[in-house]
Amino acid sequence: MFHLSPQTFASKAAHYASLAEQARHLIAGEPSLIANAANFSALVFHSLPQLNWAGFYLFDGTELVVGPFQGKPACIRIPIGAGVCGTAALTRQTQVVQDVNQFDGHIPCDAASQSEIVVPLVRADGALLGVWDVDSPVAGRFGDEDRDGMQDLCRVFMQHLADH
């Protein structure tokens, strides 16, 4: 049984390092993409403060389709290049948006979301798996430490996929 206990960290970097280690243990030995994505989403959503959505959009060959997540119901399909998620998928670059209302073409799935971070998930062969999307009801919630931490978490997830 996995136990998630409240902890206090000296820095965001230390918190993300702990999350990455927990993610490694949580998904170890499980080959199912869906099961791992669901547990990964729950781990992040319940471990980081000030989040209102955390989850996956998976590429179906044409567009991004909502996958396992934690939070309110979400937009189901997002075209590549549209919104923050579609932009991350198209550019293959992490998007850190301090104020979603200032992002040209933002797709408001939850009116409470004010800031967002999206990490593209690219397989070793260059194929797009999808994106990891995290929203906050707080403007300016995500910064450089969050970008680095989320990218590290996603590396753990993608490395596990490559190994199975």
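The model shown is predicted, which means the values in this text are computed figures rather than measured ones. (Residues numbered from 1 in each chain as written. Predicted model: local features only at pLDDT ≥ 70, side-chain atom pairs only at ≥ 80, totals over all residues. Heavy atoms only, no water.)

**Some thoughts on the sheet that holds strand 4 (residues 95-97)**
Strand order in this open sheet of 6 strands is 3-2-1-6-5-4, and the pairing throughout is antiparallel. Across the chains shown, the open sheet's two edge strands, defined by having one partner strand only, are strand 3 (77-79) and strand 4. Sheet twist, expressed as the mean angle between neighbouring strand axes with direction ignored, is 20°. Here strand 4 pairs with strand 5 (residues 115-122) via 3 bridges, running antiparallel. (Pairing = 2+ DSSP bridges. Helix = DSSP H or I, 4+ residues; strand = E, 2+ residues; numbered from the N terminus. Axes fitted to C-alpha atoms, helices over the stretch in contact; angles between N-to-C directions.)

**A short note on helix 3 (residues 83-91)**
Most of helix 3 sits out of view: 7 of its 9 residues are buried. By the burial criterion, the buried members of helix 3 are Gly83, Val84, Cys85, Gly86, Thr87, Ala88 and Ala89. Taken together, the buried residues of helix 3 touch strand 1 (53-59), strand 2 (63-71), strand 3, strand 4, strand 5 and strand 6 (128-136). One or two positions beyond helix 3, positive phi appears at Arg92, with a value near 60°. (Buried < 20%, exposed > 50% of the residue type's maximum accessible area, 1.4 Å probe, protein only. Contact = heavy atoms within 4.5 Å.)

**Focus on the state of the cysteines**
Note: disulfide means a covalent bond formed between the sulfur atoms of two cysteine side chains. Under the counting rule described, the total for this entry stands at 1 disulfide. Here Cys75 engages in a disulfide with Cys109; their sulfurs sit 1.9 Å apart. Disulfide Cys75-Cys109: the torsion about the S-S bond is -120°, which places it as left-handed. Of this pair, Cys75 sits in the loop between strand 2 and strand 3 while Cys109 sits in the loop between strand 4 and strand 5, and the two are 34 residues apart along the sequence. (Disulfide = S-S within 2.5 Å.)

Read these as geometric descriptors, not functional statements.
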